[in-house]
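Close look at the chain arrangement
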Amino acid sequence: MSGNPHAKPLELVSARQYDSDLRTRRTKQRLGSALMTLISEKPIDDITVREVLERAGVGRSTFYLHFRDKNDLLLCQLEQFLETMSTILIVRKDTSRRVLPVAEMFDHVGGQNKLWRALSDAGRLHDFFDIAELYFARAIEQRLAGATRLHNVPKSELPARACAFAGSLISLLRWWIARGAKESPASIDDLFHRMVWSGMK
């Protein structure tokens, strides 16, 4: 039998890699949860990395293995939320005409008033909106590209239209938050998608 006698079986390597990935995910989840909990208790700028570590039960060296600082951890949490929201319809293989889970997203935002207020107070809400627009534009373009009723719309226009729709959704979200989230998430979902499909004629 040829080969390196010291080589590890593929199954063993894969299992160890999986365990390592799982530990990494769990560590990041603990850190993220700790930060989100602290944000509900005090201003973001008053939170220290040490407090996050103590709340998460994670060592300093482990933290800096994954994140540059507290702001990097916060950005990671926001991007995870956006990744989930922007791909959930695609993952579910949803066959409706919706291009984004607007109702679900607005429902989540409406239930996290402290978080969004904290982001606003810390001057980070604009950064979130900028990142969100990129995620939403990508997701909308994918959904539109897979639609079967766009016979009169050139494929070359889809990126521009998706970007415009994503910008409209961010404007709706800003408007909704500023008004105190009075309208139901379902009604905003309906309004947004009527805007999308009326703009695709």
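Residues numbered from 1 in each chain as written. Predicted model: local features only at pLDDT ≥ 70, side-chain atom pairs only at ≥ 80, totals over all residues. Heavy atoms only, no water.

1. A word on unusual backbone geometry
The phi angle at Lys93 is positive, at roughly 55 degrees, despite the residue not being glycine. Tracing the backbone shows Lys93 in the loop between helix 4 (70–91) and helix 5 (102–110). In this structure Lys93 comes out as exposed when scored by relative accessible area, which is 71%. Of note, the phi angle at Ala181 is positive, near 55 degrees, even though the residue is not glycine. Relative to the helices and strands, Ala181 resides in the loop between helix 8 (158–178) and helix 9 (185–198). With relative accessibility at 30%, the residue Ala181 sits in the partly exposed group. (Helix = DSSP H or I, 4+ residues; strand = E, 2+ residues; numbered from the N terminus. Buried < 20%, exposed > 50% of the residue type's maximum accessible area, 1.4 Å probe, protein only.)

2. Let's talk about the side chain of Gln77
Within the fold, Gln77 resides in helix 4. On the basis of relative accessibility, which here comes to 16%, the residue Gln77 falls in the buried class. Setting aside anything within four residues of it in sequence, one finds Gln77 in contact with Lys28, Gly32 and Met36. (Contact = heavy atoms within 4.5 Å.)

3. Looking at the pattern of salt bridges
Overall, the coordinates contain 13 salt bridges when judged by the stated rule. One salt bridge in this structure joins Arg143 and Asp94, with 3.0 Å as the shortest N-O distance. Pair noted here: Arg143 is in helix 7 (residues 125–145) and Asp94 is in the loop between helix 4 and helix 5, with a separation of 49 residues, a long-range link. When its relative accessible area of 25% is taken as the criterion, Asp94 is described as partly exposed. (Salt bridge = Lys/Arg side-chain N within 4 Å of Asp/Glu carboxyl O.)

4. Focus on the packing of helix 8 against helix 9
Packed helices, taken two at a time, are described by their axes: the angle between them and the distance between them. Close contact between helix 8 and helix 9 brings their axes to 11 Å; oriented N to C, the two are set at 150 degrees. It follows from the interaxial angle that helix 8 and helix 9 lie roughly antiparallel. Our pair here, helix 8 against helix 9, has a crossing hand that is right-handed. In this structure, helix 8 uses Phe165, Ser168, Leu169, Leu172, Trp175 and Trp176 to contact helix 9, whose residues at the interface are Pro185, Ile188, Leu191, Phe192, Met195 and Val196. Residue classes in the contact of helix 8 with helix 9 are distributed as 11 nonpolar, one polar and no charged. (Axes fitted to C-alpha atoms, helices over the stretch in contact; angles between N-to-C directions. Parallel < 35°, antiparallel > 145°, perpendicular 65-115°, else oblique. Left-handed = near helix turned anticlockwise from the far one by under 90°. Nonpolar A, V, L, I, M, F, W, Y, C, P; charged D, E, K, R; others polar.)

5. Describing the environment of Arg97
Relative to the helices and strands, Arg97 resides in the loop between helix 4 and helix 5. Overall, Arg97 belongs to the partly exposed group, its relative accessible area being 45%. With 100 residues separating them in the primary sequence, Arg97 and Trp197 have C-alpha atoms 8.7 Å apart.

6. Thoughts on the packing of aromatic side chains
Under the defined criterion, the tally for this structure stands at seven aromatic pairs. On the numbers, 5.0 Å between centres and 85 degrees between planes, the contact of Phe63 with Tyr64 is edge-to-face. Considering the side-chain rings of Phe128 and Phe129, the 5.8 Å spacing of their centres and the 55 degrees angle between planes classify their relative orientation as tilted. Residue class for Phe128 comes out buried when judged on its relative accessible area of 3%. Each residue in the set Phe81, Trp116, Phe128 and Phe129 is aromatic and connected to the rest through ring pairs, giving one cluster. (Phe/Tyr/Trp six-rings, centres within 6.5 Å; stacked < 30°, edge-to-face > 60°.)

Bear in mind that shape data such as this cannot, by itself, settle questions of function.
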